Every structure is written in C-alpha cells, then in structure tokens.
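Notes for the structure review
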Amino acid sequence: MRYFFDSIRTFSYWKYALFSGEAFAKLLAVVGALYLFVELLDTFKIYRKAEYHSYSLLVMLFMALFYVVATRRPVKRIRYKVPKKDLAIEVVIDDIFKMPGEIVISSNSTFDTNIASGLIAANSLQGQFALQIFNGQTEEIDRQIEVSLSGENFDVNPDRPGKKNEYPIGTVARVNANGRHYYLLAMAHMQSGGNAYSDPKILEEALQGLWKNMAIKAERGDIVIPLVGTGRGRVAIPRKKVIERIAQSFADASHDTTFSNKLTIVCRPEDASQFSLNLFQVRDYLSQSLHV
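Residues numbered from 1 in each chain as written. Predicted model: local features only at pLDDT ≥ 70, side-chain atom pairs only at ≥ 80, totals over all residues. Heavy atoms only, no water.

1. Digging into the nonpolar core
Rules: To define a nonpolar core, start from buried Ala, Val, Leu, Ile, Met, Phe, Trp, Tyr and Cys residues and group those joined through side-chain atoms within 4.5 Å. Relative accessibility under 20% of the residue-type maximum defines a buried residue, over 50% an exposed one, and the middle range a partly exposed one, all with a 1.4 Å probe and only protein chains included. Secondary structure counts use DSSP, requiring at least four H or I residues in a row for a helix and at least two E residues in a row for a strand, with both numbered from the N terminus. Contacts: residue pairs with any heavy atoms within 4.5 Å of one another.
Core analysis: the largest hydrophobic core is formed by 44 residues, its most contacted members being L210, W211, I225, I246 and I265. Elements with a contribution of two residues or more to this core: strand 1 (77-81), strand 2 (88-93), strand 7 (180-186), helix 7 (200-217), strand 10 (223-226), helix 8 (239-253), strand 11 (262-267) and helix 10 (279-289). Examining the composition of this core, we find that 7 residues originate from one element, helix 7, more than from any other. Excluding anything up to four places from it in sequence, I225 contacts I96, V104, L207, L210, W211, I246, L263, T264, I265 and V266. One finds F97, I105, F129 and A173 within the second-largest nonpolar core, a separate group that totals 25 residues.

Next up, the structure:
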C-alpha cells in the first residue's frame, strides 16, 4: 500500500496516467462513448440533452478522467524494449525466488555460505537462497560451488574469515536445485571484520564478468537478477541508477552476441517502499539514458 501512495505522488505517475498519448486516446474514447450513450437516451426521450447541455459535457469529462486514472494505477512491472534489438528488459517489484528464469544470486569473492556463524546474514539474499531453496543445507551449496569453480583462478588469503580461496570479481558459480539453475556472482569483497564491501567500480567489473560467464554457463534462457550491491554490498548509488547500470551492461554485452533475449531486474517490495522506487520514473529514466 505504501508503494501505491509513493507512486501517485510523483510526476512520472501522472505523466503516465493522464498526460501520455495512450491516456489521452483512452480519455477521448471514453468521452465519445459517454456522448453516444447520452445521444441514445435523448433519441428515445429518456434524457433531454438540451435541458442539461450546459454541464453534461463537464460531467462526462470528469467521469472519463476518473475511469482513465482508475484503469492506470501504479504498477509493479514495467518493460523496456531495446531499440533495434531483440532484447527486452523488465523491472519487477517481487520476490526473486518466485520469478521464472535463470536466477543470479549476489555473493562475495570467497563464496562463503555459512549462516550459522553469522558470516552470511539469514535475511540477506544469499541467506534466503540457502534457507528457502536448500533448507539451510549449506554443505550441498558448498559442494556444488566447488565443482562449478574447478579450474577457476583464485588467490589464497589465510587472514580472511570463512573460506580462504578468493576468486576474481565477476566469477560465477552455478548451483542447481529442484530443476532450476542459480548463479552465484562474486560482486563484493569480504573484509577482515566479516562485512561485505563493494563500490561502483567493483559493481561494473562484476557485471562484465557476469555476462561473460552467463554466456558460457547459462542455458540461454531469461535471466533474473536482483539489485546487486544495494544491500549488504553497500554500493552508494541510488537504486534507479543501479537498475540503469545493470540494464546498460546487459545491452552492451549483447551487442555482438546473444546469450539471452530478456533480462528481469527484481527489487524487493520492502526496498521499493523504503526507498520510494517508482517504476514510471525508472521507465522514463531507461528510455532517456540507455544507449545501444
């Protein structure tokens, strides 16, 4: 409900609801339909149009406005078609684990999974992944990560908490469960105190590595990705800008090769409310800033 009220207080929403070409066309169509209905009533002597003509058109206009706004309420999903490309980018406010497709899970460069020790927070995306998809059995996740990362380069850092093998930013480990594929992305460094750290430069590096790895390890299906770096990665960029960076990097990576025709960027409902994420503003922003 908070998301609804946050949306209707923005100019982007009203631009979509009333001042877009689609809204204006619908308004004219509704006014026309109401006027035809009044004409029919007048023809059959049920309603005398001449007696109330001075304000009947105003009433019809208000009724049409009400109808148009009521049918163009705030949405939780927007779609952007990349011009001249068979690429579509969706931004969705939902639970990422309910989304169909190849799901990306943000992780750190050591691919730690230990929830019991507190190294990985239970309410983080990776913690929820372990709890919801693997019922907290992180040993199986570790086994699959080890298999997926065999052959990948890494550095050994004995001073880090948790796992000691540190992989390059952008490395991807594929994990399978219940017939679905999940891709753990190294997009943050684990600091000595156990906190994950990332920044805009690391985020860009992680995204570049992600698309290269998805072209090799993924099934060429729809890709679903969270707002990587905005949570415990602590990247100091507004969520709207993170969406743009993810979308732009996907479009850039798809310039010469196609590894997926659709990218879905998912924002948690609680984050959308807390940070007043407005999908109408996001769509306007993408249409203005995204270049291919």
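2. Thoughts on the sheet that holds strand 6 (residues 172-177)
Let me state the cut-off plainly: Pairing between strands requires that DSSP locate at least two bridges from one strand to the other. Lines fitted to the C-alpha atoms define the axes, with helices restricted to the stretch that makes contact. Angles between their N-to-C directions range from 0 to 180 degrees.
Taking strand neighbours across the sheet as the criterion, the 7 strands line up as 1-2-11-10-3-7-6 in an open arrangement whose pairing is mixed. The outermost strands of the open sheet, each flanked by one partner alone, are strand 1 and strand 6. Strand-to-strand, the axes of this sheet are offset by a mean angle of 25°, without reference to chain direction. Direction of pairing for strand 10 relative to strand 11: parallel, over a ladder of 4 bridges.

3. Quick look at the side chain of K217
Going by this rule: Here a polar contact is taken to be a pair of N or O atoms separated by no more than 3.5 Å, where protein atoms must pair a possible hydrogen donor with a possible acceptor and residues adjacent in sequence count only if both atoms sit in side chains.
For K217, the location among the structural elements is in helix 7. Among the polar contacts made by the side chain of K217, one reaches the main-chain carbonyl oxygen of V172 at a distance of 2.4 Å. Those residues in contact with K217 that lie beyond four places of it in its chain are S148, E152, V172, R174 and Y183.

4. Side note on the pattern of salt bridges
What counts is decided by this rule: Any carboxyl oxygen of Asp or Glu within 4 Å of a side-chain nitrogen of Lys or Arg constitutes a salt bridge here.
Tallying each qualifying case throughout the model produces 11 salt bridges. Among the ionic pairs, E90 bridges to R77, the shortest N-O distance being 2.7 Å. Of this pair, E90 sits in strand 2 while R77 is found in strand 1, placing the two residues 13 residues apart along the sequence. Given the relative accessible area of 6%, E90 is considered buried. Notably, a salt bridge pairs E152 with K217, separated by 3.4 Å at the nearest N-O pair. One end of the pair, E152, is in the loop between helix 6 (138-148) and strand 4 (155-156); the other, K217, is in helix 7, and 65 residues separate them in sequence. Three or more residues are tied together by salt bridges with common partners; here these are R77, R79, E90 and K262.

5. What about the packing of helix 8 against helix 10?
Our working definition: Between 65 and 115 degrees an angle is taken as roughly perpendicular, under 35 as roughly parallel, over 145 as roughly antiparallel, and anywhere else as oblique. Crossing handedness: left-handed means the near helix sits turned counterclockwise from the far one by under a right angle, and right-handed means the same turn made clockwise. Ten residues, namely Ala, Val, Leu, Ile, Met, Phe, Trp, Tyr, Cys and Pro, are considered nonpolar, four, namely Asp, Glu, Lys and Arg, are considered charged, and the remaining ones, Gly among them, are considered polar.
One can describe the packing of helix 8 onto helix 10 by two numbers: an axis separation of 10 Å at closest approach and a directional angle of 45°. Relative to helix 10, the element helix 8 lies oblique. For the element pair helix 8 and helix 10, the recorded crossing hand is right-handed. Contacts between helix 8 and helix 10 pair K240, K241, I243, E244, A247 and Q248 from the former with Q281, V282, Y285, L286 and S289 from the latter. Each residue belonging to the contact of helix 8 with helix 10 can be placed in one class, and the counts come to 5 nonpolar, 3 polar and 3 charged.

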